[in-house]
Amino acid sequence: MIVVCPNCQSRYDVNDRDSGTNGNFIARCGKCQQTFTAYRPVRVEELAFLDIELAKKVWENNNIIAISNQKGGVAKTSTCLNLGLALTLLGKRVLMVDFDVQANLTQLLGYKEKYSFFDVINDENNNFEKLIIETKYKNLWLFPSTKNMVLLNKKYFGSSNFDFLLKDRIAKVRERYDYILIDTPPSLELCTLNALVSAKLVIIPSQCDYFSTYGINKILKLIELIKKKSNPNIDFRILVTMVNEQSPAESMICSKLKTLYSKVVFDTHIELDQRLSEAQIMNMPVLIYNQKSIAGQQYLRLAEELIGQYN
Ligand SMILES: Nc1ncnc2c1ncn2[C@@H]1O[C@H](COP(=O)(O)OP(=O)(O)OP(=O)(O)O)[C@@H](O)[C@H]1O
Ligand SMILES: [Mg+2]
């Protein structure tokens, strides 16, 4: 954990295990010699975020899907964009919410520094609804992000009902769309927590590598906790992504994942496809860049599978 001296702002990297029983301890700054109490950061797993009244507000026909895995680079953003576009091609109205400080989804759609959810929370003149952008693709809308999303975590983590910030805002627009897809950051913090508290379904993209099950197990633990505390109807599905069909090791891990998590893995998996990377360079969903691309067709199949299970 990082400890910062309140007097001279010197930063120290302290091992969690070196802190006291409740995690807080008295420290002396090596630079300015100031003595201060150091508080370790709150861990999401330890938060009691049960609010009975809010938990009772379970929506019927919840159409919100969070795309989440704290492991980085597993195709969360690519899945959000390409699944979103595929759903529109099947006649659905889709809102994508960029809930990541990296704002990759926003950039992929060609938008630069506009505003983010932080601007909704921090300025009463902004409301969620007003800031939704109609993209150039038919039936596809975006709520964008910028790097100021980092302030959301900093300013609101731990404040009352901070895990319901998104759910409360999205409530007013929810019924206008068939699906709302939320792209989340590669960490389990405020943004991810808000997305999971709002969602009916969590899609967990996972690559076929040796460590992928660790990432899956970590988010499953959080989903289990949220299910007990504030979102009893939350469900999840694993999506195997970026599969290199030429690699015997990956094919083995892919079939192992499908066996291990049998009923909760989508039948459709997404292959590694150069066309998808090319499409991103051109700021396009892969199905627009090349309709016949393998990944594009697989995202279409995924959209059909999703509609079949969560209509
Ligand atoms: N099917 C695919 N074929 C080829 N490349 C892919 C595919 N899916 C994703 N990628 C590439 O993998 C990289 C990571 O993808 P992406 O940004 O979607 O992951 P992420 O999980 O959102 O990452 P982060 O955790 O940083 O938010 C990108 O460069 C993207 O172009
Ligand atoms: Mg991403």
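Rules of the game
- Residues numbered from 1 in each chain as written.
- Chains lettered and ligands numbered in written order.
- Predicted model: local features only at pLDDT ≥ 70, side-chain atom pairs only at ≥ 80, totals over all residues.
- Heavy atoms only, no water.
- Domains from an automatic or database assignment.
- Pairing = 2+ DSSP bridges.
- Helix = DSSP H or I, 4+ residues; strand = E, 2+ residues; numbered from the N terminus.
- Contact = heavy atoms within 4.5 Å.
- Axes fitted to C-alpha atoms, helices over the stretch in contact; angles between N-to-C directions.
- Polar contact = N/O pair within 3.5 Å; in protein donor to acceptor, adjacent residues only side chain to side chain.
- Buried < 20%, exposed > 50% of the residue type's maximum accessible area, 1.4 Å probe, protein only.
- Right-handed = clockwise from strand over helix to strand, strands pointing away.
- Expected span 1.5 Å × (residues − 1).
- Parallel < 35°, antiparallel > 145°, perpendicular 65-115°, else oblique.
- Nonpolar A, V, L, I, M, F, W, Y, C, P; charged D, E, K, R; others polar.
- Near = heavy atom within 4 Å.
- 1 Å grid on protein atoms, 1.4 Å probe; cavity = no way out; pocket = protein on both sides within 12 Å on 5 of 7 lines; lining within 4 Å.
- Sits in = over half its atoms within 2 Å of the grid points.

Trainee: Got a minute to help me understand the domain arrangement of the protein chain in this structure?
Mentor: Accessible area lost during the coming together of the parts is what is often quoted as the interface size. Here the protein chain is described as being made up of domain 1 (2–41) and domain 2 (46–309). Taken over C-alpha atoms, the centre of domain 1 sits 36 Å from the centre of domain 2.

Trainee: What exactly am I supposed to notice about the sheet that holds strand β7 (residues 133–134) here?
Mentor: Sheet strands pair by backbone hydrogen bonding; their relative direction is either parallel or antiparallel. Taken in spatial order, the 7 strands line up as β7-β8-β6-β9-β5-β10-β11 in an open sheet, and their pairing is mixed. With one partner strand each, in any of the chains shown, β7 and β11 (235–241) form the two edges of the open sheet. Note that strand β10 (residues 201–207) and β11 share 7 bridges and pair parallel. Residue pairing across strands places Pro205 opposite Leu239, the latter belonging to β11. Helix α8 (residues 212–229) rests against β10 and β11 of the sheet, and its axis sits at about 165° to β10.

Trainee: Would you mind going over helix α10 (residues 274–281) with me for this structure?
Mentor: One turn of the α-helix equals 3.6 residues, which is why residues spaced by three or four share an orientation. Put simply, Asp273 is the residue that caps the front of α10, since its side-chain oxygen is 2.9 Å from the backbone nitrogen of Arg275. Following α10 by one or two positions, Asn283 adopts a phi angle in the positive range, close to 55°.

Trainee: Just to check I follow, could you spell out the pairing of β10 for this structure?
Mentor: Within a regular beta strand, the side chains point alternately toward one face of the sheet and then the other, so they alternate between its two faces. Counting buried residues along β10, 6 of its 7 residues qualify, which places the element largely inside the surrounding structure. Here strand β5 (residues 64–67) pairs with β10 via 3 bridges, running parallel. Bridge pairing in β10 places Ile65 opposite Leu201. Since β10 and β11 lie parallel, the crossover through α8 that links them has a hand, and here it is right-handed.

Trainee: How should helix α2 (residues 76–89) be read in this particular structure?
Mentor: Taking 1.5 Å per residue as the helical rise, α2 with its 14 residues ought to reach 20 Å, and the 20 Å between its terminal C-alpha atoms agrees with that figure. The first or second residue beyond α2 is Gly91, which carries a positive phi of 90°.

Trainee: For this particular structure, what's the right way to read the packing of α2 against helix α12 (residues 294–309)?
Mentor: The geometry of a pair of packed helices is captured by two quantities: the angle between their axes and the separation between those axes. It is the contact of α2 with α12, at a shortest axis distance of 8 Å, that shows an interaxial angle of 70°. By the angle class used here, α2 and α12 are roughly perpendicular. Between α2, through Ser78, Thr79, Asn82, Leu83, Ala86, Leu87 and Leu89, and α12, the contact on the second element is made entirely by Tyr299, Leu300, Leu302, Ala303, Leu306 and Ile307. Within the contact of α2 with α12, the residues separate by chemical class into 10 nonpolar, 3 polar and no charged.

Trainee: I would appreciate a short explanation of the site of ligand 1 in the present structure.
Mentor: In the vicinity of ligand 1 there are 18 residues, among which Lys76, Thr77, Ser78, Asp273 and Gln280 approach most closely. Separating an oxygen atom of ligand 1 from a backbone N or O atom of Gly73 is a distance of 3.0 Å. Here an oxygen atom of ligand 1 sits 3.0 Å away from a polar atom, N or O, in the main chain of Ala75. Under a 2 Å grid-point criterion requiring more than half of the atoms, the pocket assigned to ligand 1 is the second largest pocket. When residues of the shell around ligand 1 are traced back to their parent elements, those giving at least two are α2 and α10. Classifying every residue of the shell around ligand 1 gives 7 nonpolar, 7 polar and 4 charged.

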